[in-house]
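Summary of structural features
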Amino acid sequence: MDYQYLLLEKENGIATVTINKPKSLNALNSQVLDELNAMFTELDQDEDLKVVILTGEGKAFVAGADISEMSTLTSEEGFAFGQKGMDTFMKVERLHVPVIAAVNGFALGGGCELSLACDIRIASEKALFGQPEVGLGITPGFGGTQRLPRTVGVGIAKEMILAAVNIKADRAYEIGLVNKVVAPEELMAEAKKLAETIASKSPVAVKYAKNAINAGLQADIDTAMDIEKSKFGLCFATDDQTEGMAAFLEKRAPEFK
Ligand code: CO8
């Protein structure tokens, strides 16, 4: 697919995807959502991929779903637009490798929701998070009512969604919405450093661990423990387990496949 609004760079198994529509603050219209969906479908088929970094060009990560496109939607079209966003964000959440959101600026509405579909969020000091939807007469529609409470807890999520007050990066860190806050000029280097650390580990173990966390969070505790047990057992059928443990015992660095 030809991408008009996405940039892709790949180096040593780390892909950086940049949403590049800065004039409208990377607002998510149907085309950007379709491109993101196609991009993450392609990335999911890349067997050399180890980590993805997702960021935005300019002063926004993503300033939300495109309000001008949404303003004239019928209810039926609203359902369809919500479905499009949800399907796309599921592709991000379920990618076989970890996705780090490098949140460079505004992460509002669909932008906050997109960051929540990523596994880890690192924010610039300039980032601003929020779910302003109720001020526009709508609810969050790309997973925010579900992923935000699972990430920061129900009380804080309800405050953010029901009062629709934006929060700065330091508050986002305080509530566990982001893992780290760094100076704007350090954001990409910090995201890459973390990506490289993840990329140095066993890809199959990282994949199983991501999957166990995500699937387990949606299940009751007994089912969740069964999911972990199954992934743990499967690791012992991999070359990486043999290599990782042999390397430890031989006091050398592992060489994973
Ligand atoms: N949609 C469309 N255009 C946008 C959006 C957006 N979300 N955000 C910014 N833009 C456009 C502006 O209209 C402006 O365009 P133009 O230059 O043509 O006038 C351009 O981007 C630059 O924006 P500003 O001039 O407003 O820049 P400022 O720095 O003054 O302000 C803000 C930045 C505070 C981020 C401001 O632009 C703003 O408040 N934006 C809207 C934020 C928002 O409310 N986001 C949530 C949208 S709703 C949503 O995401 C729901 C997701 C689920 C949908 C499910 C549907 C079923």
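Along each chain, residues carry numbers from 1 onward, in the same order as the chain's sequence is written. Totals for whole chains, interfaces and linings use all residues, but because this is a predicted model, local features are given only for residues with pLDDT of at least 70 and pairs of side-chain atoms are given and counted only at 80 or more. Note: side-chain values were computed over all heavy atoms of the structure, leaving out hydrogens and water.

A word on a nonpolar patch on the surface. Only residues whose relative accessible area exceeds 30% and that take part in no salt bridge are eligible for patches, with like-charged residues grouped when within 9 Å of each other and nonpolar side chains (Val, Leu, Ile, Met, Phe, Trp, Tyr) grouped when within 5 Å. Using a 1.4 Å probe, accessible areas were evaluated by the Shrake-Rupley method; residue-level cover was limited to the displayed protein chains. Put simply, a salt bridge is a Lys or Arg side-chain nitrogen that is within 4 Å of an Asp or Glu carboxyl oxygen. On the surface, Ile67, Leu136 and Ile138 cluster together into a nonpolar patch covering about 260 Å² of accessible area. Within the fold, Ile67 resides in helix α2 (residues 67–70). Overall, Ile67 belongs to the partly exposed group, its relative accessible area being 47%. We count a stretch as a helix when DSSP gives it H or I for four or more residues in a row; a strand needs E for two or more, and each element gets its number in order from the N terminus. Partly exposed residues are those whose accessible area sits between 20% and 50% of the maximum for their type, while under 20% is buried and over 50% is exposed, using a 1.4 Å probe and protein chains only.

Definition of nearness: a residue and a molecule or strand are near each other if at least one heavy atom of the residue lies within 4 Å of the molecule or strand. Neighbouring residues of the ligand: 25 residues in total, closest Lys59, Ala63, Ala65, Ile67 and Gly110. By the criterion applied in these results, polar contacts are pairs of N or O atoms within 3.5 Å in which, for protein atoms, one can donate a hydrogen and the other can accept it, and in which residues neighboring in sequence qualify only through two side-chain atoms. Ala63 is positioned with one of its backbone polar atoms (N or O) 2.9 Å from a nitrogen atom of the ligand. Here a nitrogen atom of the ligand and a backbone polar atom of Ile67 are 2.9 Å apart. Against a free-state accessible area of 1100 Å², the protein chains account for coverage of 62% of the ligand. Elements with a minimum of two residues in the shell around the ligand: α2, α3 (75–93), β6 (106–108) and α4 (110–117). For the shell around the ligand, the leading source of residues is α3, giving 3 residues. Taken together, the residues of the shell around the ligand break down into 13 nonpolar, 7 polar and 5 charged. Lys, Arg, Asp and Glu make up the charged group, whereas Ala, Val, Leu, Ile, Met, Phe, Trp, Tyr, Cys and Pro make up the nonpolar group; the residues left over, Gly among them, are polar.

Okay, helix α9 (residues 203–217) next. Expected helix span is given by 1.5 Å per residue-to-residue step, counting one fewer step than there are residues. Along its 15 residues, α9 runs 21 Å from first to last C-alpha, staying within 8% of the 21 Å computed at 1.5 Å per residue. Those residues of α9 that fall on the buried side of the exposure criterion are Val206, Tyr208, Lys210, Ala212 and Gly216. The contact criterion used is simple: two residues touch if any of their non-hydrogen atoms lie within 4.5 Å. Buried positions along α9 lie against α3, β5 (99–103), α8 (187–199) and α10 (221–235).

Of all 5 residues that make up strand β7 (residues 120–124), 5 are buried, and the element is covered over most of its length. Residue alternation in β7 divides its side chains into two sets, Ile120, Ile122 and Ser124 and Arg121 and Ala123, and both sets are buried. By the bridge criterion, 4 bridges tie β5 to β7 in an arrangement that is parallel. Bridging across to β7, Ile100 finds its partner in Ile120. Strands qualify as paired when DSSP identifies two bridges or more between them.

Attention now moves to the packing of aromatic side chains. Any two of the Phe, Tyr and Trp rings considered here, Trp counted by its six-membered ring, make a pair once their centres fall within 6.5 Å; the pair's planes then place it as stacked at under 30 degrees, edge-to-face at over 60, or tilted in between. For the structure shown, the criterion picks out 3 aromatic pairs. Ring centres of Phe81 and Phe142 lie 5.6 Å apart, and the angle between their planes is 55°; this geometry places the pair in the tilted category. Separated by 61 residues along the polypeptide, Phe81 in helix α3 and Phe142 in the loop between β8 (128–130) and α5 (144–152) bring together distant segments of the chain. Both residues of the pair, Phe81 and Phe142, count as buried. Both rings, one in Phe232 and one in Phe236, keep their centres 5.1 Å apart while their planes meet at 70°; by these two values the pair is edge-to-face. Every member of this aromatic cluster is reached through a ring pair, and the members are Phe81, Phe89 and Phe142. Sitting over a ring, as applied to charges here, requires NZ of Lys or CZ of Arg to be within 6 Å of the ring centre and within 35 degrees of the ring normal. For Lys21, the ring lying beneath its charged end belongs to Tyr5, and the centroid distance is 5.5 Å.

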